[in-house]
Amino acid sequence: MRRIHLPVVFGKVDETHARAFVVLFTCDAFARSILISLLPLQAYELLGSAQRVSVLYFFVAILGLAGSLIVPAALQHARRRWMLVLGCCLHIASALSFALGTQTALIAGLCIQILGAAILEIVMNLYLLDHIPRRRLNHFEPMRLLFAGTAFAAGPWLGVYLHRGVAENLTFLVSAMAASILLIVFWQLRDIDNGGHEGRVRATASPFRFVARFASQPRLVLSWLLAFGRSGWWVAYFIYTPIYVTHAGYGPEIGGALVSLGMLPMLMVRVWGKLGNMIGLRNLLAIGYGLTGVASLAAGFTTGEPLVVMILICLAAFSATLIDGAGNVPFLRAVRPHEREAMTSVFMTFRHVSSLVVPGVFAVVLWVLPLPYVFVVAGLMALVMAGLSRYIPRRM
């Protein structure tokens with residue numbers, strides 16, 4: 001792991017916790033990224049068409065959305081520490097299920113995985129909000145995304161290569177090991193459950209009540225919509241890029257390599273963060289979404305030229321890393337401290353809603369149009385997000 005002088009970034013945050021947060025988020029990112037190209041390819045092989053893959057991801061995302069809304073209620077009865085342990089165990093169980101290689105095991109593994117991801121995302125972000133001062137979030141997010149970006153740059157290609165070029169199911173073992181390391185590192189942080197944080201904040205009893213509370217705050221709604229658009233574009237990229245490459249006649253390893261190549265600019269996330277500080281968050285997001293939308297549209301309309309399509313998809317991914325330079329800063333800056341637990345659970349639904357809506361829409365698109373048109377729809381969505389970015393307060 002690249003060494004970085006973390007005290008400069010985290011300021012008064014304890015150095016042990018600072019390093020641990022970097023490790024936790026990196027392990028989580030690697031455990032997911034190493035599967036992110038392999039699973040759509042496995043589903044494509046087992047189900048036989050991109051439309052069926054879309055339907056599968058659509059129904060799995062429903063479970064993930066429900067899980068993300070249930071987590072706050074579960075936190076009323078279980079400590080965060082044990083919820084995080086449960087999330088890691090679910091991820092390990094999903095990896096073992098994928099290794100069986102059957103349709104039933106694949107569906108079960110995806111369901112277990114998305115529940116574990118919902119738990120980990122919410123709980124780790126709650127710990128983050130407790131231990132990183134709000135005024136330092138603009139500096140922390142690029143650092144977190146730098147390490148996560150490294151994992152996502154290497155993981156997609158590595159996962160396909162290990163499974164097909166080294167040993168079948170080795171990828172699933174590596175993913176389970178990454179989740180296990182996350183759990184071990186977290187368990188060493190005995191003092192992270194500061195009673196002053198967890199005991200003070202409790203979610204309301206009904207998920208619908210804090211959804212309504214979230215919806216009543218325009219800045220939170222805007223942050224959710226922007227995160228939804230960012231996540232939705234990456235859903236399209238991660239699922240349909242390897243499928244498109246395979247459909248065009250190239251090997252699965254090429255699809256994994258293309259996804260990794262598109263993620264390489266994520267390593268420049270600190271540069272994007274500095275650029276955001278110079279030109280403002282709203283301008284950074286507007287430019288990023290705009291360029292991503294234009295490149296995606298061009299890729300979708302360039303039929304019959306697979307190499308050109310793949311180049312344009314990579315250019316779109318490059319532009320999308322500009323968006324990731326901001327991370328979840330719009331939400332982290334807008335949420336009120338006494339509402340962190342409830343509002344974080346609602347905000348994190350953006351990932352599951354995008355995983356639900358995007359495959360659902362693409363299942364309809366692929367019913368009447370060829371595969372490249374998924375990138376047209378993704379491009380239009382990115383352009384809508386570019387327009388919404390103009391509503392971000394200028395002071396951010």
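The structure presented is a predicted model; accordingly, all values stated were derived computationally and were not measured. (Residues numbered from 1 in each chain as written. Predicted model: local features only at pLDDT ≥ 70, side-chain atom pairs only at ≥ 80, totals over all residues. Heavy atoms only, no water.)

Draft legend 1. Geometry of the packing of aromatic side chains. Considering all chains together, one arrives at 17 aromatic pairs under this definition. Pairing Trp 157 with Tyr 161 gives two aromatic rings, centres 5.0 Å apart and planes at 15 degrees, and the pair type is stacked. In this pair, Trp 157 and Tyr 161 are both assigned in helix α7 (residues 137-166), four residues apart and thus about one turn of the helix distant. Residue classification places Trp 157 among the partly exposed positions, given a relative accessible area of 34%. Exposure remark for Tyr 161: the relative accessible area of 36% places this residue in the partly exposed category. Where Phe 331 meets Phe 347, the ring centres are 4.1 Å apart and the plane angle is 5 degrees; that geometry is what we call stacked. Here Phe 347 lies in helix α17 (residues 340-347) and Phe 331 lies in helix α16 (residues 329-334), a separation of 16 residues in the sequence. Residues Phe 331 and Phe 347 agree in their burial class; the two are buried. An aromatic cluster is defined as three or more aromatic residues linked by ring pairs; in this entry it consists of Phe 152, Trp 233, Trp 234, Tyr 237 and Phe 238. (Phe/Tyr/Trp six-rings, centres within 6.5 Å; stacked < 30°, edge-to-face > 60°. Helix = DSSP H or I, 4+ residues; strand = E, 2+ residues; numbered from the N terminus. Buried < 20%, exposed > 50% of the residue type's maximum accessible area, 1.4 Å probe, protein only.)

Draft legend 2. A look at the confidence of the model for the chain. Per-chain confidence: the chain averages 81 in pLDDT, with 86% of residues scoring 70 or above. The model gives residues 1-14 a pLDDT under 50, and that stretch makes 32 contacts with residues more than four places away or in other chains. Note that residues 199-205 has pLDDT below 50 and, in this model, 14 contacts with residues that lie over four places away or in other chains. (pLDDT = per-residue confidence, 0-100. Contact = heavy atoms within 4.5 Å.)

Draft legend 3. Just helix α3 (residues 38-47), in detail. With eight of its ten residues buried, α3 lies for the most part within the structure. Residues Leu 38, Leu 39, Pro 40, Leu 41, Gln 42, Ala 43, Tyr 44 and Leu 47 constitute the buried set of α3.

Draft legend 4. View of a nonpolar patch on the surface. A cluster of nonpolar residues, Val 364, Trp 367, Val 368 and Leu 369, forms a patch on the protein surface that exposes about 460 Å² of accessible area. Leu 369 sits in the partly exposed class, given a relative accessible area of 38%. (Patch = residues over 30% accessible without salt bridge, like charges linked within 9 Å, V, L, I, M, F, W, Y side chains within 5 Å. Areas by Shrake-Rupley, 256 points an atom, 1.4 Å probe, with all protein chains shown as cover. Salt bridge = Lys/Arg side-chain N within 4 Å of Asp/Glu carboxyl O.)

Draft legend 5. Local environment of the environment of Met 310. Relative to the helices and strands, Met 310 is located in helix α15 (residues 306-324). On the basis of relative accessible area, Met 310 is assigned to the buried category, the value being 7%. In this structure the C-alpha to C-alpha distance between Met 310 and Gly 255, which are 55 residues apart in sequence, comes to 9.5 Å. Apart from residues no more than four positions distant in its own chain, Met 310 is found in contact with Tyr 244, Val 245, Tyr 250 and Leu 258.

Draft legend 6. Region of the structure containing the environment of Phe 210. With respect to the helices, strands and loops of the structure, Phe 210 is situated in helix α10 (residues 207-215). With 133 residues separating them in the primary sequence, Phe 210 and Met 343 have C-alpha atoms 6.9 Å apart.

Draft legend 7. Up close: the packing of helix α4 (residues 50-75) against helix α11 (residues 218-247). Viewed as axis vectors pointing N to C, α4 and α11 meet at an angle of 160 degrees, and their least axial separation amounts to 11 Å. On the basis of their axis angle, the class for α4 and α11 is roughly antiparallel. In the packing of α4 onto α11, the handedness of the crossing is right-handed. When α4 is examined against α11, the residues Ala 50, Val 53, Ser 54 and Tyr 57 are found in contact with a partner set consisting of Ile 239, Tyr 240 and Ile 243. Considered class by class, the residues forming the contact of α4 with α11 number six nonpolar, one polar and no charged. (Axes fitted to C-alpha atoms, helices over the stretch in contact; angles between N-to-C directions. Parallel < 35°, antiparallel > 145°, perpendicular 65-115°, else oblique. Left-handed = near helix turned anticlockwise from the far one by under 90°. Nonpolar A, V, L, I, M, F, W, Y, C, P; charged D, E, K, R; others polar.)

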